[in-house]
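Descriptive structure summary
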Amino acid sequence: MSRKTSAGRRLGSERIRELVSVLGSLSRTGDRVTIDALATRLGISTAEAGNMMSIVCQATGEETGGLLISANDDMTEFTLAYPGASGHPLRLTHAETMALMHALDYAEVPADDPIRARLTEAYASPSVEHDEVRKSLGSPNNPLLAQTLRLCARAQSEERMLSFLYQGLADDSPRERCILVRKLRLEDDFWYVDAHDLDVLQERTFRLDRMEDPSLGPRGRLPQGNDIVRTAAHRVEITFLDLSYVTLFDWPGLRITRHTTSSITGLIPYYEDRSDWLLRRIIACAGGVVTNDEGIMARARKYARRILGPEP
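Summarised in this report is the structure supplied together with it. (Residues numbered from 1 in each chain as written. Predicted model: local features only at pLDDT ≥ 70, side-chain atom pairs only at ≥ 80, totals over all residues. Heavy atoms only, no water.)

The five strands lie next to each other as β7-β6-β5-β4-β8, forming an open sheet whose pairing is antiparallel. Edge positions in the open sheet fall to β7 (202–207) and β8 (211–219), since each of these has one partner strand only. On average, each strand axis in the sheet is inclined to that of its neighbour by 45°, with strand direction left out of account. Helix α7 (residues 143–158) rests against β4 (160–166), β5 (175–187), β6 (190–197) and β8 of the sheet, and its axis sits at about 95° to β5. (Pairing = 2+ DSSP bridges. Helix = DSSP H or I, 4+ residues; strand = E, 2+ residues; numbered from the N terminus. Axes fitted to C-alpha atoms, helices over the stretch in contact; angles between N-to-C directions. Contact = heavy atoms within 4.5 Å.)

Pasting the structure below:
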């Protein structure tokens, strides 16, 4: 007859004490423990430490979903996320992490910025290195392209016109364009802007690295689906009777044709009902700027009466 011993009970008690020690190390949200540190502290092998962490990760209570413990890809480091909560920790995939780091680069978020550090620590996959992202997706934009990108984004958010020089496939040389931005998109490592071309009143797509000397203009209005396109933009003659207004305001597309000591005359695009910016410019100049188009002057007077209200 074999004789009973207490070795099994002692071994069980030691294992319980070891588990309690592990749980004590994971008492607060954010506490971490590694397999190597656990094996060293308890004097066991890394395989035994790994098996012990498997037991800890499965710990549950009667009314809770258990401990929410996240692990790195190698299952060598464990972090307590939320005690007593059920579910799985949020962690980006390898591809999503690369996209996040690339977006932070494009937004010019510095490497030591706390926002980048928090996002990387909380969500990024630990298997992704920054050098790998830049090797695969490229470095941040060059300064000129970055400036163009910012101007396009600002034009879209503020609903302002954007003027620039652009040489299309059918152009012999760069020519001036004026657009209203619909959206920006990144495709095959190139930035594109989908826009409404105010010169031809049609939808066009432009590549940002081919845009030269971009500048913001006045506010405009994107056409809606039921808008009827009647005529393209045409140039009207305007005369500055007060020369100070030439530099006081922006006059996108202005081409000066005559300059004297008392006046300046030039041609400027007029976009009909697509934008009221020229009307507002004429009103703001209070008689210092006039045009030879009586229809435009009549619209300007009507616009001024509407915004100023009836005289007291």
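What follows concerns the nonpolar core. Within the largest apolar cluster, 22 residues are counted, with the highest numbers of intra-cluster contacts made by W251 and L278. Of all the elements, helix α9 (residues 277–284) adds the most residues to this core, at four residues. Among all residues touching L278, those that are not within four sequence positions of it are V236, W251, I268, Y270 and I296. Core analysis: the second largest hydrophobic core is formed by 17 residues, L149, F164, V181 and L216 among them. (Core = buried A, V, L, I, M, F, W, Y, C linked by side-chain atoms within 4.5 Å. Buried < 20%, exposed > 50% of the residue type's maximum accessible area, 1.4 Å probe, protein only.)

Locating A95 in the fold gives a position in helix α4 (residues 94–106). A relative accessible area of 56% places A95 in the exposed class. When the C-alpha atoms of A95 and S125 are compared, they prove to be 9.0 Å apart, with 30 residues separating the residues in sequence.

Let us look at helix α10 (residues 294–308). Along an α-helix, residues three or four apart share an orientation, since each turn contains 3.6 residues. Here α10 is 15 residues long and its end C-alpha atoms lie 21 Å apart, about the 21 Å a rise of 1.5 Å per residue gives. Taken as a whole, α10 has its buried residues at I296, M297, A300, Y303 and A304. Relative to the axis of α10, the buried residues are bounded by an arc of 120° and lie together on one face. Projecting away from the buried face of α10 at angles above 90 degrees are the exposed residues K302, R305 and R306. On its buried face, α10 is in contact with β9 (234–240), β11 (264–270), α9 and β12 (289–291). If you check the start of α10, you find a side-chain oxygen 2.9 Å away from the backbone N of G295, and it comes from D293. (Expected span 1.5 Å × (residues − 1). Arc of directions from axis to C-beta. Polar contact = N/O pair within 3.5 Å; in protein donor to acceptor, adjacent residues only side chain to side chain.)

Nothing here speaks to function; it is geometry throughout.
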